[in-house]
Every structure is written in C-alpha cells, then in structure tokens.
Amino acid sequence: MKEYKYKINGNNYNVAIGDIVDGKAEVLVNGTPYKVELDQKKAPVTVVSQTPRAAAAPRTAAGDKVIAKPCVAAGGTQIKAPLPGTVMSVNCKVGDVVKAADTVVVLEAMKMENAIHAGYDGKVASITCNPGDAVLEGAVLITLE
C-alpha cells in the first residue's frame, strides 16, 4: 500500500491506497476502510509518426532470419553498417556518382533512423543490401569505385 499524508482545512489525514483492480481501489483514511470507484475515461490515442516502416526481415525456409554478415570484397571503398539494424531505404543505385556527404542508406536501429553517408566521393560499384534487410555491425552495404 502507498501511504500519503494530507492536511485539509487544518485536519491531518493519513491515506493508504491499496491495489486498484477493475477501476476499484481499497483506501484507508485514518484507519477507516473505503472502496473507491475510479472513472475510467479513455484518452484519445495520438499518432506521433506515420512514417512507413520497412517490411519484416525475410526468413529462410526453416524460419531463420536472413541477416547479412560482413564480407570482404576485392577493391573499392566499402561503406559498412556502423551498428546492427534494419535497412529502411537505399538512396542510390549502381552507377550513381555520390559525394562524401550524400546519404546512401537509411538504417533503423533501436527505433531510430540513422543516415549512413558515403564518406568518400566515388561511383557506386555494388549494393549488397535491400530495404527490409537486417544487417549486423560491419556488414558491407555499398561498395564505391
């Protein structure tokens, strides 16, 4: 029970509130028990963000999640995932010329969207991820020439 001390119009009250079950609470006021019914008004639900979410990560025939693992590619500059997460979007395609500050992939991790920048000027040689893919930290997302 939670206990509170109130002073109302110069009178002291010791109030102990017990468990609340189905909108009814057991309350002791100066040792006298009361059963109190609470109004249960449902507040309207506010939608904070209506950003479209990536589909669930694909699964193998056995039901295991398909997770891209770090791999080694020959030549070029690799843009790797800085943390594990789900690829929300790929903002370039093979053959595009990108600048170092360009956002090439948006990665969702811990309910936060993280913009992954190219880091180097170059031409996109390969893309090894798709929207909805679950990737581990260090997984190669894009290779630049």
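For the structure, check the block above.
Residues numbered from 1 in each chain as written. Predicted model: local features only at pLDDT ≥ 70, side-chain atom pairs only at ≥ 80, totals over all residues. Heavy atoms only, no water.

Peer 1: Sorry if this is basic, but what is going on with the overall build of the chain here?
Peer 2: Looking only at helices and strands, one finds zero helices and 13 strands in the chain. Mapped in sequence order, the helices and strands of the chain form the string β-β-β-β-β-β-β-β-β-β-β-β-β. Put simply, the chain has 145 residues, and 23% of those count as buried. When contacts within the chain are restricted to residue pairs at least 6 apart in sequence, those whose partners lie at least 24 apart make up 48%. Of the roughly 10,500 Å² of accessible surface on the chain, 54% is carried by carbon and sulfur atoms. (Helix = DSSP H or I, 4+ residues; strand = E, 2+ residues; numbered from the N terminus. Buried < 20%, exposed > 50% of the residue type's maximum accessible area, 1.4 Å probe, protein only. Contact = heavy atoms within 4.5 Å. Areas by Shrake-Rupley, 256 points an atom, 1.4 Å probe, with all protein chains shown as cover.)

Peer 1: Hey, could you run me through the pairing of strand β3 (residues 24-29) in this one?
Peer 2: The two faces of the sheet receive side chains in turn, since in a regular strand these alternate between them. Across five bridges, the pairing between strand β2 (residues 11-21) and β3 is antiparallel. Bridging from a neighbouring strand, Ile20 pairs with Ala25 of β3. Once β2 ends, the chain turns through two residues before running back antiparallel as β3, passing Asp22 with a positive phi of about 50°. Pairing analysis gives six bridges linking β3 to strand β4 (residues 32-37), with the strands arranged antiparallel. Bridge assignment links Val27 to a residue of β4, and that residue is Tyr34. (Pairing = 2+ DSSP bridges.)

Peer 1: Is there a simple way to explain a nonpolar patch on the surface in this structure?
Peer 2: On the surface, a cluster of nonpolar side chains totalling about 350 Å² of accessible area is made up of Ile20, Tyr34, Val36 and Leu38. Along the polypeptide, Leu38 turns up in the loop between β4 and β5 (67-68). (Patch = residues over 30% accessible without salt bridge, like charges linked within 9 Å, V, L, I, M, F, W, Y side chains within 5 Å. Salt bridge = Lys/Arg side-chain N within 4 Å of Asp/Glu carboxyl O.)

Peer 1: Before we go on, may I ask you to explain the sheet that holds strand β13 (residues 140-144) in this structure?
Peer 2: Sheet strands pair by backbone hydrogen bonding; their relative direction is either parallel or antiparallel. Sheet architecture is open: four strands sit in the order β6-β13-β11-β8, paired in antiparallel fashion. The sheet is open, and its two borders are formed by β6 (77-80) and β8 (97-98), each paired with just one other strand.

Peer 1: Just checking my understanding: could you explain the nonpolar core for this structure?
Peer 2: One broad rule of soluble globular proteins: the nonpolar side chains tend to lie buried together. Counting 17 residues, the largest nonpolar core has Val104, Val105, Leu141 and Ile142 as the members making the most contacts within it. Of all the elements in the fold, those that place two or more residues in this core are β9 (103-109) and β13. (Core = buried A, V, L, I, M, F, W, Y, C linked by side-chain atoms within 4.5 Å.)

Peer 1: Honestly, the pairing of strand β1 (residues 2-8) in this entry has me stumped. Any pointers?
Peer 2: Counted residue by residue, β1 has zero buried out of seven residues, so it is predominantly exposed. Relative to β2, β1 runs antiparallel, the two sharing seven bridges. Across the sheet, the residue bridging to Ile8 is Asn11, located in β2. Adjacent in sequence and paired antiparallel, β1 and β2 are bridged by two residues, among which Asn9 carries a positive phi angle near 50°.

Peer 1: Could you clarify how one ought to interpret the sheet that holds β2 in this entry?
Peer 2: Taken together, four strands build an open sheet; the order of strands is β1-β2-β3-β4 and the sheet is antiparallel. Of all strands in the sheet, those with a lone pairing partner are β1 and β4, marking the two edges. Each neighbouring strand pair of the sheet contributes to a mean axis angle of 30°, computed without reference to strand direction. (Axes fitted to C-alpha atoms, helices over the stretch in contact; angles between N-to-C directions.)

Take it as geometry only, folks, not as evidence of what the structure does.
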